[in-house]
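The lines below spell out each chain.
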Amino acid sequence: MSVRPYRHIERRPSRQVMVGPVAVGGGAPISVQSMTNTLTSDPKATIDQIRTLEEAGVDIVRVSCPDVESTAALKAIVRAATVPIVADIHFHHQRAIEAAQAGAACLRFNPGNIGSKERVREVVKAAKDHGCSMRIGVNAGSLDKHLLEKYGEPCPEAMVESALEHIKHLEDEDFHQIKISVKASDVFLAVAAYRGLAKACDYPLHLGITEAGGFLGGTVKSAIGIGQLLWEGIGDTIRVSLSADPVEEVRVGFEILKSLDLRHRGVRIVACPTCARQGFDVIKVVAELEKRLAHIAQPVSLSIIGCVVNGPGEARETDVGITGGGQGAHMVYVAGQADHKIDEERMIAHVVELVEAKAAQMAKTKKEG
Ligand code: SF4
């Protein structure tokens, strides 16, 4: 479907950096990140949460390392995780060195914040020795004092200047495995800052609307901010920040990428909003199918439509489709074609079977190809 010209997104060319085995930038698929909210010093709780994120399809997980107990636990966490781990460090360069030694794939670290050139050099050496990349994370809420004095308030220009200053600290040490974020909780500010940064450098960009809010508000805000940038071709990895279960951040991240046809993971459900014409309870069926199909990683498309007004048209574009019909008999579409009828009672189990079969077939084709 992406060959249709109006669906095409021209991505900003960027360098490629590695976060462990995951490539970021340089045309690599846009990765989805999240962050644990357990105590990193409690490796069991942290590993358990990382498992749930892995099951949701996360590509990269960040953990905070505020103290030596956290970096001490990091080794076990890195070993247990199947995805690369980013260590989030603020101020203490020693924590960054410990995290690199413990096997973190990337350090989220702002070199301008640690005081001396010598300390930056030590962190860069540890990163080089242990194959870590780094993420510079500029945040509108914690801009350097001299930039706030210069610009008077957090603004896109100040955020870009801050990012370029941090970049220079690393480039001066001949370090280029860098990705950058310029986050703000204000969508206008964040989008303008990312646009400015996208022009000012060719490093890959980590997108996020920080402190976006609770599940609903934060999802909408992130979809607007991250979605707008991705649509313009800006962005190489994303993290949706929600005051909610981190698994929701991963789910929302993939939904944003799916909506823009940038990456597909899991079942994409097309469903109608329902009205008096519906032949079955669409809302109930969709809610149940979302739960029952959450384990599917393959990009199967599914249409669940209440009646013939839009059902056949949507079914033509999806792998599996249901259109509500009269007298409790609903049409099942396979590969866009009307195939057979089913009653409401057996519908959910039947759709799950059809989608699982399609996913298995896709996985097999992928393996063989
Ligand atoms: Fe109503 Fe049919 Fe449209 Fe669904 S597809 S909203 S049931 S008219």
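What you see is a predicted model; the values in this text were computed from it and never measured.

## Structural notes on the packing of helix α6 (residues 156–171) against helix α7 (residues 187–200)
Logical step 1: In the contact formed by α6 and α7, the axes pass within 8 Å of each other and the chain directions differ by 45°. The orientation of α6 with respect to α7, classified from their angle, is oblique. For α6 against α7, the interelement crossing comes out right-handed. Each of Pro156, Met159, Val160, Ala163 and Leu164 in α6 lies in contact with α7, whose residues at this interface are Leu189, Ala192, Ala193, Gly196, Leu197 and Ala200.

## What to know about the sheet that holds strand β9 (residues 206–207)
Logical step 1: Read across the sheet, 8 strands follow the order β8-β7-β6-β5-β4-β3-β10-β9 without closing on themselves; strand pairing throughout is parallel. The open sheet has two edge strands, β8 (178–183) and β9, and neither has a second partner.
Logical step 2: Strand direction decides the pairing type here: strand β7 (residues 133–139) and β8, joined by 6 bridges, are parallel. Note that in β8 the partner of Arg135 across the bridge is Lys179.

## Digging into the site of the ligand
Logical step 1: In the vicinity of the ligand, the contacting residues are Cys272, Pro273, Thr274, Cys275, Arg277, Gln278, Ile305, Gly306, Cys307, Val309 and Asn310.
Logical step 2: In terms of residue class, the shell around the ligand is made up of 6 nonpolar, 4 polar and 1 charged.

## Concerning the domain arrangement of the protein chain
Logical step 1: When its domains are assigned, the protein chain resolves into domain 1 (11–259) and domain 2 (268–368).
Logical step 2: Taken over C-alpha atoms, the centre of domain 1 sits 37 Å from the centre of domain 2.

## Here's the deal with the pattern of salt bridges
Logical step 1: What the rule picks out here adds up to 24 salt bridges.
Logical step 2: Here Asp261 and Arg7 are joined by a salt bridge, their closest N and O atoms 3.1 Å apart. On the criterion of sequence distance, the pair formed by Asp261 in the loop between α9 (246–259) and β11 (268–271) and Arg7 in the segment before β1 (17–19) is long-range, its members being 254 residues apart.
Logical step 3: A salt bridge links Glu173 to Arg121; the nearest nitrogen and oxygen atoms lie 3.0 Å apart. Placement of the pair is Glu173 in the loop between α6 and β8 and Arg121 in helix α4 (residues 117–129), with a sequence separation of 52 residues.
Logical step 4: According to the relative accessible area criterion, Glu173 is buried, its value standing at 12%.
Logical step 5: With relative accessibility at 38%, the residue Arg121 sits in the partly exposed group.
Logical step 6: Among the ionic contacts, a cluster of salt bridges with common partners joins Arg11, Arg12 and Asp236.

Reading guide: rules and limits
- Residues numbered from 1 in each chain as written.
- Predicted model: local features only at pLDDT ≥ 70, side-chain atom pairs only at ≥ 80, totals over all residues.
- Heavy atoms only, no water.
- Axes fitted to C-alpha atoms, helices over the stretch in contact; angles between N-to-C directions.
- Helix = DSSP H or I, 4+ residues; strand = E, 2+ residues; numbered from the N terminus.
- Parallel < 35°, antiparallel > 145°, perpendicular 65-115°, else oblique.
- Left-handed = near helix turned anticlockwise from the far one by under 90°.
- Contact = heavy atoms within 4.5 Å.
- Pairing = 2+ DSSP bridges.
- Near = heavy atom within 4 Å.
- Nonpolar A, V, L, I, M, F, W, Y, C, P; charged D, E, K, R; others polar.
- Domains from an automatic or database assignment.
- Salt bridge = Lys/Arg side-chain N within 4 Å of Asp/Glu carboxyl O.
- Buried < 20%, exposed > 50% of the residue type's maximum accessible area, 1.4 Å probe, protein only.

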